[in-house]
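# Residue-level structure breakdown
Now for the letters of each chain:
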Amino acid sequence: TPLYEINYKQFDKAGEYEITVDKLTADNYEITFKPGKLTVKKAEVYNIEFSNLSQRKGKISEVTASVTPKDDTSKIKIEYQFTDGVWVDTIPSDIGIGEYKVRAYITESENLATYETPKYFESTLEIKAGAVVNLDGNSDLSIDSNVIGDNVEFSIPDEAVEEIINNVPESGEIVIDATGST
């Protein structure tokens, strides 16, 4: 039975690497080694996952995305499509309540394949009516709201009530910004 030792080095990026084998021994064989090359090609199978797809009007931020398998060399471009059908890079400040298309693709990577015609991953951005509760001057909590005539009705889940109670500012005043409710 031959005995051998292989040392594995994780490579930083796709490319060609020299392969060397040593310490392969067997009592009944004479073993010689020839140098070789390991070719690591860019992966063509990957997935882009979106975050921050459900938001409240009045507290909008850009959608984020990450790639699986994880690749720190990838640059991901995110685009949005609103009522005019044109893909744009940012969410407009006056965006209305509704559902909008969002897509992402890799523009460059040392380890994942990029294409002249991008390989798009798509999802939906949902902008809901809502209000923002300013907790301590630094952080906010989004809550559901519903406009009925001239009135705004707020729905505050139990865990949000607890968070609000635990973060009441020294003034004792809690500010609810209802501008995202319409």
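Preceding this paragraph is the structure being described.
Figured I'd write up the structure that's included with this text.

Parameters and conventions
- Residues numbered from 1 in each chain as written.
- Predicted model: local features only at pLDDT ≥ 70, side-chain atom pairs only at ≥ 80, totals over all residues.
- Heavy atoms only, no water.
- Helix = DSSP H or I, 4+ residues; strand = E, 2+ residues; numbered from the N terminus.
- Buried < 20%, exposed > 50% of the residue type's maximum accessible area, 1.4 Å probe, protein only.
- Contact = heavy atoms within 4.5 Å.
- Salt bridge = Lys/Arg side-chain N within 4 Å of Asp/Glu carboxyl O.
- Polar contact = N/O pair within 3.5 Å; in protein donor to acceptor, adjacent residues only side chain to side chain.
- Phe/Tyr/Trp six-rings, centres within 6.5 Å; stacked < 30°, edge-to-face > 60°.
- Pairing = 2+ DSSP bridges.

With that settled, the discussion passes to the overall build of the protein chain. Within the protein chain, the regular secondary structure consists of 1 helix and 15 strands. A buried classification covers 25% of the 182 residues belonging to the protein chain. Sequence separation of 24 or more characterises 53% of the internal contacts of the protein chain that already satisfy a separation of 6 or more.

The next subject is the environment of G36. One can find G36 in strand β4 (residues 36-40). Here G36 falls in the partly exposed class, since its relative accessible area comes to 24%. Remark: the alpha-carbon pair of G36 and I19, spanning 17 residues in sequence, is separated by 5.0 Å. Each residue touching G36, except ones within four places of it in the same chain, is listed here: Y17, E18 and I19.

This part is about the pattern of salt bridges. Inspection of every chain in the model, using the stated rule, returns 3 salt bridges. The residue D89 makes a salt bridge to K77 at a minimum N-O spacing of 3.0 Å. One end of the pair, D89, is in the loop between β9 (87-88) and β10 (98-108); the other, K77, is in strand β8 (residues 75-81), with 12 residues separating them in the sequence. Residue classification places D89 among the partly exposed residues on the basis of a relative accessible area of 46%. Where R103 meets E79, a salt bridge forms, and the shortest distance between an N and an O atom there is 2.7 Å. Of the two residues, R103 is situated in strand β10 and E79 in strand β8; the sequence distance between them amounts to 24 residues. As far as the burial class goes, R103 and E79 line up, both buried.

Next up on the list: the side chain of Q81. Tracing the chain through its elements places Q81 in strand β8. Judged by relative accessible area, which is 16%, Q81 ranks as buried. One polar contact links the side chain of Q81 to the main-chain carbonyl oxygen of G85, over a distance of 2.8 Å.

Under the definition given, this model contains 4 aromatic pairs. Pairing Y80 with F82 gives two aromatic rings, centres 6.0 Å apart and planes at 20°, and the pair type is stacked. Judged by relative accessible area, F82 falls into the buried class, the value being 13%. Each ring, one from Y105 and one from Y120, has its centre 5.2 Å from the other, and the planes form 85°; the classification is edge-to-face. One end of the pair, Y105, is in strand β10; the other, Y120, is in the loop between β10 and β11 (121-128), and 15 residues separate them in sequence. Classification of Y105 by relative accessible area gives buried; the value is 12%. Ring pairing ties together the aromatic residues Y80, F82 and Y100, which thus form one cluster.

Let's shift gears to the sheet that holds β10. Strands sit in the order β6-β11-β10-β8-β9 across an open sheet of 5 strands; the sheet is mixed. Strand pairing shows two members of the sheet lacking a second neighbour, β6 (54-56) and β9, which therefore form its edges. For β10 and β11, the ladder comprises 7 bridges, and the chain directions are antiparallel. Following the sheet pairing, K101 is matched in β11 by T124.

With an omega of 5°, the peptide bond running from T68 to P69 counts as cis. Positive phi, close to 70°, is recorded for N52, a residue that is not glycine. By secondary structure assignment, the location of N52 is in the loop between β5 (47-51) and β6. N52 gets classed as partly exposed once you look at its relative accessible area, which sits at 31%.

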